[in-house]
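These are the residues of each chain, in order.
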Amino acid sequence: FFLMIRRPPRSTLFPYTTLFRSITMQSKIFQPILIVEDEADHSRLIKKSLIESGHVTNDLFLCENGQDALDYLNKSSKYKDSKHPLPALILLDVKMPMKNGFEVLKEIKKDVNLKKIPVVMLTTTSTSEDIERAMNLGANDYIVKPIKFGEFTEKVSKMGLYWGLISNAKDILK
């Protein structure tokens, strides 16, 4: 399963994002955000929160399991003829079929072409062991999905603003 969502029109974007993007729009292809989430309700909520926040201008791609995400990143299997750029950010669920988030994170961080991509773990698990394991494997952040819709939307929106500004700042510094 592969899904792409186009970014919102420029007029609805956060002012700083518009400013930063206008500086680099001519020379840089927008890198997508890769969402790796097996639960359809969670992936819809993540996408909706990112889009409605107005802070994210990147295209959003969805992979439903860890193996599909690795195939996407390595341009193998059904993605072998794809011309997609590597993502600017990976939002990675921990508990998934085929390969869990820790296994995917470990493979991403040992690959010389992928290891610099920021990875944010999104999960319902808040045990200190899981958080420590994710950080030791190279995760850039670990966000626990709250049960309440409003809390989750707020967390994803804030994350979108943070990563939107960070990725744009990197573009300007190049």
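Look up a bit, the structure's there.
Residues numbered from 1 in each chain as written. Predicted model: local features only at pLDDT ≥ 70, side-chain atom pairs only at ≥ 80, totals over all residues. Heavy atoms only, no water.

**Student:** For this particular structure, what's the right way to read the overall build of the protein?
**Tutor:** From N to C terminus, the protein includes six helices and six strands. Secondary structure of the protein in N-to-C order comes out as β-α-β-α-β-α-β-α-β-α-β-α. Out of the 174 residues belonging to the protein, those deemed buried represent 47%. At a minimum sequence separation of 6, the contacts of the protein that also span at least 24 residues come to 68%. Here the protein has roughly 9,200 Å² of accessible surface; of this, 56% comes from carbon and sulfur atoms. (Helix = DSSP H or I, 4+ residues; strand = E, 2+ residues; numbered from the N terminus. Buried < 20%, exposed > 50% of the residue type's maximum accessible area, 1.4 Å probe, protein only. Contact = heavy atoms within 4.5 Å. Areas by Shrake-Rupley, 256 points an atom, 1.4 Å probe, with all protein chains shown as cover.)

**Student:** Sorry if this is basic, but what is going on with the packing of helix H4 (residues 101-110) against helix H5 (residues 128-137) here?
**Tutor:** A pair of packed helices is captured by two measures, namely the crossing angle of their axes and the spacing between those axes. Relative to each other, H4 and H5 sit at 20°, their axes nearing to 9 Å. With respect to each other, H4 and H5 are oriented roughly parallel. Regarding H4 and H5, the two cross each other, and that crossing is left-handed. Between H4 and H5, the contacting residues are Phe102, Leu105, Lys106 and Lys109 on the first element and Asp130, Arg133, Ala134 and Leu137 on the second. Among the residues forming the contact of H4 with H5, the class breakdown is four nonpolar, no polar and four charged. (Axes fitted to C-alpha atoms, helices over the stretch in contact; angles between N-to-C directions. Parallel < 35°, antiparallel > 145°, perpendicular 65-115°, else oblique. Left-handed = near helix turned anticlockwise from the far one by under 90°. Nonpolar A, V, L, I, M, F, W, Y, C, P; charged D, E, K, R; others polar.)

**Student:** I keep staring at the side chain of Asp71 and nothing clicks. Help me out?
**Tutor:** Counting through the fold element by element, Asp71 comes out in helix H3 (residues 66-74). For the buried Asp71, no salt bridge exists, and the shortest N-O distance to an oppositely charged side chain is 7.3 Å, to Lys78. Non-local contacts of Asp71, meaning those with residues more than four positions away in its chain, are made with Ser76, Ser77 and Tyr79. (Lys, Arg positive; Asp, Glu negative; His and termini not counted. Salt bridge = Lys/Arg side-chain N within 4 Å of Asp/Glu carboxyl O.)

**Student:** Help me out: how do you make sense of unusual backbone geometry in this one?
**Tutor:** Positive phi, normally seen in glycine, also occurs at Lys75, with a value near 50°. Of note, Lys75 is situated in the loop between H3 and strand S4 (89-93). Taking relative accessible area as the criterion, Lys75 reaches 32% and is therefore assigned partly exposed. A positive phi angle is found at Ser77, which is not glycine, with a value near 55°. Within the fold, Ser77 resides in the loop between H3 and S4.

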